[in-house]
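This is what each chain is made of:
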Amino acid sequence: MVTTCLVMLSAIVFLPVLGAVLVLCVPKEKEEVVRYITLGTTVGVLVMSVLAFLTPLGGAFDYQGKAAAHMQYVFNVPWIPSFGIEYFMGADGISMPLVMLTSLICLLAAGASWSVTRHVKAYCVLFLLLETGMLGVFLALDFFLFYVFWEVVLLPMYFLIGVWGGPRREYAAIKFFLYTLVGSVLMLVAILMLYFAGDLTDPALRPHLDQCGLNQAVLAQAHAGMAERMAGHAVPPLHTFNLLALAQIGQQTEQFGENLQWWSFLLLFIGFIIKVPVVPLHTWLPDAHVEAPTPISMILAGVLLKMGGYGIIRICYPICPHGGYDLAYFVCLLGVVSMVYGAFAALAQKDFKRLVAYSSVSHMGYVVLGLGVWSATGGTAFNPDYWNMGVQGAMFQMIAHGISSAGMFFLVGVIYDRVHHRDLDAFGGLFGRMPVYTALSIGIFFAGLGLPGLCGFIGEVLVVLSVWNYSYVLAVISASVVILTAAYILWTVQRVYLGAEYKGPHGEALTPTTRRENAIAGVLFALAILLGVFPHTFLLRYMDKTVSRQVSDLAQWTKVVKEAGPRGGADEAQTQTQGSFDIARVQAP
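Since this is a predicted model, take the numbers as computed values, not measurements. (Residues numbered from 1 in each chain as written. Predicted model: local features only at pLDDT ≥ 70, side-chain atom pairs only at ≥ 80, totals over all residues. Heavy atoms only, no water.)

Enquirer: What is the right way to look at the overall build of the chain in this model?
Expert: Looking only at helices and strands, the chain has 22 helices and three strands in total. Each principal axis of the C-alpha atoms in the chain carries an extent, and together these give about 85 × 60 × 45 Å. Looking at the 589 residues of the chain, the share that counts as buried comes to 63%. If you take every contact in the chain between residues at least 6 apart in sequence, the share linking residues at least 24 apart comes to 81%. Counting only carbon and sulfur atoms, one obtains 67% of the accessible surface of the chain, whose full area is about 20,500 Å². Between the centroid of the 31 positive side chains of the chain and the centroid of its 34 negative side chains there is a distance of 8 Å. (Helix = DSSP H or I, 4+ residues; strand = E, 2+ residues; numbered from the N terminus. Buried < 20%, exposed > 50% of the residue type's maximum accessible area, 1.4 Å probe, protein only. Contact = heavy atoms within 4.5 Å. Areas by Shrake-Rupley, 256 points an atom, 1.4 Å probe, with all protein chains shown as cover. Lys, Arg positive; Asp, Glu negative; His and termini not counted. Charge placed at Lys NZ, Arg CZ, Asp CG, Glu CD.)

Enquirer: What exactly am I supposed to notice about helix H11 (residues 294-319) here?
Expert: Residues that lie three or four places apart on an α-helix share one face, since the helix turns once every 3.6 residues. Taking 1.5 Å as the rise per residue, H11 with 26 residues should run 38 Å; its terminal C-alpha atoms sit 37 Å apart, in good agreement. At Leu-300, H11 is deflected by roughly 40°, the largest bend along its length. (Expected span 1.5 Å × (residues − 1). Bend = angle between axes of the 7 residues up to and from the residue.)

Enquirer: Please clarify how the pattern of salt bridges should be interpreted in this entry.
Expert: Close approach of charged atoms allows side chains with opposite charge to pair. In the structure shown here, the tally under the stated rule is 15 salt bridges. Between Glu-517 and Arg-418 there is a salt bridge, and its shortest N-O distance comes to 3.0 Å. Here Arg-418 lies in helix H15 (residues 385-419) and Glu-517 lies in helix H20 (residues 515-533), a separation of 99 residues in the sequence. Salt bridges sharing common partners tie together Arg-168, Lys-175, Asp-287 and Arg-354. (Salt bridge = Lys/Arg side-chain N within 4 Å of Asp/Glu carboxyl O.)

Enquirer: What should I look at first to understand the packing of aromatic side chains in this one?
Expert: By convention here, two paired aromatic rings are described through the distance between centres and the angle between planes. Evaluated as defined, the whole model comprises 39 aromatic pairs. Here the aromatic rings of Phe-265 and Tyr-317 are separated by 5.4 Å at their centres, their planes lie at 75°, and the arrangement is edge-to-face. With Phe-265 in helix H9 (residues 258-275) and Tyr-317 in helix H11, the pair connects residues that are 52 residues apart, well separated along the chain. The buried category is assigned to Phe-265, whose relative accessible area is 0%. Counting every residue linked through ring pairs, the aromatic cluster contains Phe-265, Phe-269, Tyr-317, Tyr-325, Trp-374, Trp-387 and Trp-557. For the cation-ring pair, Arg-422 lies above Tyr-416, with the distance from its terminal atom to the ring centre recorded as 4.8 Å. (Phe/Tyr/Trp six-rings, centres within 6.5 Å; stacked < 30°, edge-to-face > 60°. Lys NZ or Arg CZ within 6 Å of the ring centre and 35° of its normal.)

Enquirer: What's the story with the pairing of strand S1 (residues 72-80) in this structure? I'm lost.
Expert: Side-chain direction in a regular strand flips from residue to residue, so the side chains alternate between the two faces of the sheet. Bridging between S1 and strand S2 (residues 85-91) involves six bridges; their strand directions are antiparallel. Paired with Ile-80 across the strands is Ile-85, a residue of S2. The hairpin turn running from S1 into S2, its antiparallel successor, is four residues long, and Gly-84 in that turn takes a positive phi close to 70°. (Pairing = 2+ DSSP bridges.)

Enquirer: In this structure, what is going on with the packing of helix H6 (residues 169-197) against H9? I would like to understand it.
Expert: For any two helices packed against each other, one specifies the inter-axial angle together with the distance between the axes. The N-to-C vectors of H6 and H9 enclose an angle of 155°; their axes lie 8 Å apart at closest approach. Viewed along their axes, H6 and H9 adopt a mutual orientation that is roughly antiparallel. Every pair of crossing elements has a handedness; the one defined by H6 and H9 is left-handed. In contact with Tyr-179, Thr-180, Gly-183, Leu-186, Met-187, Val-189, Ala-190, Met-193, Leu-194 and Ala-197 of H6, H9 contributes Leu-260, Trp-263, Ser-264, Leu-267, Leu-268, Ile-270, Gly-271, Phe-272, Ile-274 and Lys-275. For the contact of H6 with H9, a count of residues per class yields 15 nonpolar, four polar and one charged. (Axes fitted to C-alpha atoms, helices over the stretch in contact; angles between N-to-C directions. Parallel < 35°, antiparallel > 145°, perpendicular 65-115°, else oblique. Left-handed = near helix turned anticlockwise from the far one by under 90°. Nonpolar A, V, L, I, M, F, W, Y, C, P; charged D, E, K, R; others polar.)

Enquirer: So what exactly am I meant to see when it comes to the pairing of S2 here?
Expert: Among the seven residues that make up S2, seven are buried, leaving the element largely enclosed by the rest of the structure. What you see with S2 is no split at all: Ile-85, Tyr-87, Met-89 and Ala-91 on one side and Glu-86, Phe-88 and Gly-90 on the other are buried throughout.

Enquirer: Just to check I follow, could you spell out a nonpolar patch on the surface for this structure?
Expert: Taken together, the side chains of Ile-529, Leu-530, Val-533, Phe-534 and Phe-538 define a hydrophobic patch exposed on the protein surface, amounting to about 410 Å² of accessible area. Element by element, the count of residues in the nonpolar patch is highest for H20, at three residues. Relative to the elements of secondary structure, Leu-530 occurs in helix H20. (Patch = residues over 30% accessible without salt bridge, like charges linked within 9 Å, V, L, I, M, F, W, Y side chains within 5 Å.)

Enquirer: So what exactly am I meant to see when it comes to helix H18 (residues 455-468) here?
Expert: With ten of its 14 residues buried, H18 lies for the most part within the structure. Residues of H18 that are buried include every one of Cys-455, Gly-456, Ile-458, Gly-459, Glu-460, Leu-462, Val-463, Val-464, Ser-466 and Val-467, and no others. For H18, the secondary structure elements touched by its buried residues are helix H14 (352-372), H15, helix H17 (435-449), helix H19 (472-496), H20 and helix H21 (535-562).

Enquirer: What should I look at first to understand the side chain of His-289 in this one?
Expert: Topologically, His-289 is positioned in helix H10 (residues 284-291). Leave out the neighbours within four places in its chain, and His-289 touches Ser-297, Leu-300, Ala-301, Lys-353, Ala-357 and Phe-409.

Enquirer: Just to check I follow, could you spell out the packing of helix H5 (residues 143-164) against H9 for this structure?
Expert: In the contact formed by H5 and H9, the axes pass within 14 Å of each other and the chain directions differ by 30°. Taken together, the axes of H5 and H9 lie roughly parallel to each other. Between H5 and H9 lies a crossing whose hand is left-handed. Counting all contacts with H5, which are made through Phe-143, Phe-146 and Trp-150, the residues of H9 involved are Leu-268, Gly-271, Phe-272 and Lys-275. Tallied by class, residues from the contact of H5 with H9 come to five nonpolar, one polar and one charged.

Enquirer: Is there a simple way to think about the environment of His-223 in this case?
Expert: In this fold, His-223 is placed in helix H7 (residues 216-230). Spatially, the C-alpha atom of His-223 lies 39 Å from that of Thr-380, the residues being 157 residues apart in sequence. Not counting chain neighbours up to four residues away, the residues in contact with His-223 comprise Arg-206, Leu-209 and Asp-210.

Read these as spatial facts, not as claims about activity.
Following this line, the structure appears as structure tokens:
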């Protein structure tokens, strides 16, 4: 059955594929036509996203009603029924902001792609395929479909770095490919472990089965299997890749034992933190950023890193809560180590772009730290408020970093296109030659610094506050990183934009920025201000109820299952009939 939700989300995800097909039909020599088709396609994706989520065309995304805490725009169509694989998509307060971010950054990166002059047609095709893969990751609710989109991202990015990158592009591309491939293999092992351990015919799932977004055929099969099992008959297991069903199985049944959840969490977590990236699995990032062309660096920092954080919050914790609980301090420690290491590494850099790359390692450490603060335990009377603050801070940090880091990489690219070097010691005095560029640069770099009133401040403060109730030591260290961040940002601003006259080559090329360049940087700077001044209006209200629901459910799981007393734990668990991931507006055939 074709539904409105199916058409809307499919159009958002696959419109870039149609654009890529159209680009293939254009003669190779008509490079301007190819560029405008690519730009028009990214405009279309952003417009479709806005129409789908923020206007009555899609029913408007519900952020304050009953549906706000649950999955919306859901559709589920059988894809490979013999293995329980479905074309299953939906959006909630976690995925919707990331879809909007992806659409915007891809549009701005397409505008920045006018600097690419070699093999323009091939570049644009790969660029559009990359956008489809990223959007699919954020909307897929079937684990197999999620994995397909995750892998779709890998190859276009490999070629975009390896063909259009800098002098060491082959090395950087291969390193990116190998790191990501290792993470994908670990993820695949965990997927298979969970798939073969899950069974939709378990009678313990009966109160929660209608909350999994199953299509009608699978739902009927599951109910029939439960009836047979309750009658004492042997029934073959009904496996599933459904992420919502796997979350219910992980939290409401005993199908995924503690050992299975622990190892599945670890494998998935490693796969995701490679993409974040987190120390010590971060070494591919500086090389990839330094060698990638400017538009691809914008996407890499603005969107690709967020796929790792999204995977942790969407998959690791809901499906494998035993692993998340047991490894909570380890996760937080990794986040703090990344914050400190990334900041010190940025201070030591002489390459402008490598400095920004290490700043991403530091800032994404806040995301991992906020997600890992499992403070809803017996010691806090299972109060989820601080963890909720940490997760919302991590989500806000992902969006804010997507804006500020994309802006910083674009601004580095603007100056590199003119003078063809990134030596920080050779810069200086750009304010006098490029005043508009300098003003936008200082604003966006201050957003990355976390200056109050700009986007970087909100997420960092929420994360640090959430950690205080979990570990004083980690809270003090994470708060102290702000000093290191200010040091490398201010030192960079002084060396590049202020101070003495420019000392590097091609000084005559330091001309004022074009309207296109000012427009791209101006949009990002305006968003940095809006998110910093009106964080609730532009972001927090959309994610609040979804994040609160997930954290509250895991806090209840901690009380009933993980830290249950010797008496009443199992009985209390059976009385809990309302779990997470209820479905609003389910459109199933």
